[in-house]
Amino acid sequence: MCDETLPPCPECSEPYTYEQGSLLVCPVCGHEWSPEDTGGDAADAPVIRDAVGNVLVGGDAVTIAKDLKLKGAGGGALKAGTKVRSIRLDPFGPGGHDIDAQMPGFGRMHLKSSVVKKVS
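Each chain carries its own residue numbering, running from 1 in the written order of its sequence. Confidence filtering applies because this is a predicted model: local features only for residues at pLDDT of at least 70, side-chain atom pairs given and counted only at 80 or more, and all residues used for totals across whole chains, interfaces and linings. Working from all heavy atoms in the structure, the side-chain values ignore hydrogens and water.

1. Quick notes on the pattern of salt bridges
- A pair is scored as a salt bridge if a Lys or Arg side-chain nitrogen falls within 4 Å of a carboxyl oxygen belonging to Asp or Glu. The full count for this structure, using the stated rule, is three salt bridges.
- Between Asp60 and Lys118 there is a salt bridge whose closest N-O contact spans 3.5 Å. A residue pair is termed long-range when its members are at least 10 positions apart, and Asp60 in the loop between β5 (55-56) and β6 (62-64) and Lys118 in strand β13 (residues 116-118) qualify at 58 residues.
- Only protein chains enter the accessibility calculation, which uses a 1.4 Å probe. A residue is then buried if its area is under 20% of the maximum for its type, exposed if over 50%, and partly exposed in between. Residue Asp60 is classed as buried on the basis of its relative accessible area of 13%.
- For Lys118, a relative accessible area of 32% corresponds to the partly exposed category.
- For Asp100, the salt bridge is made with Arg108, and the minimal N-O distance between the two is 3.4 Å.
- Shared partners join several salt bridges into a network, and the residues in it are Arg88, Asp100 and Arg108. Only DSSP runs of H or I with at least four residues qualify as helices, and only runs of E with at least two residues qualify as strands; both kinds are numbered from the N terminus onward.

If you want it as structure tokens, here you go:
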């Protein structure tokens, strides 16, 4: 049952928000935010652009613009032209990686917007 006094998730709009310490958490998409952030306007969010300057929004499809070597468990590489669907934007992501995406054959990872191109 959802708490009627808590706002819905700003990412996915689900009403199942709960408190965890000083943060609000969405169990559906995993988004965490501060209660002070709920009064924000979409115009306050930074604009994220792809490698050629197109504005990206959550849910867009993009392609990888250049081959990327992966660090970490298993290594590997992402080839240029790999299509990624339904991206999530995270302007304050780790290390400047402002896109959260589900990569085919690799799983969930963070990407920099400077290495992707928006698919029309």
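On we go.
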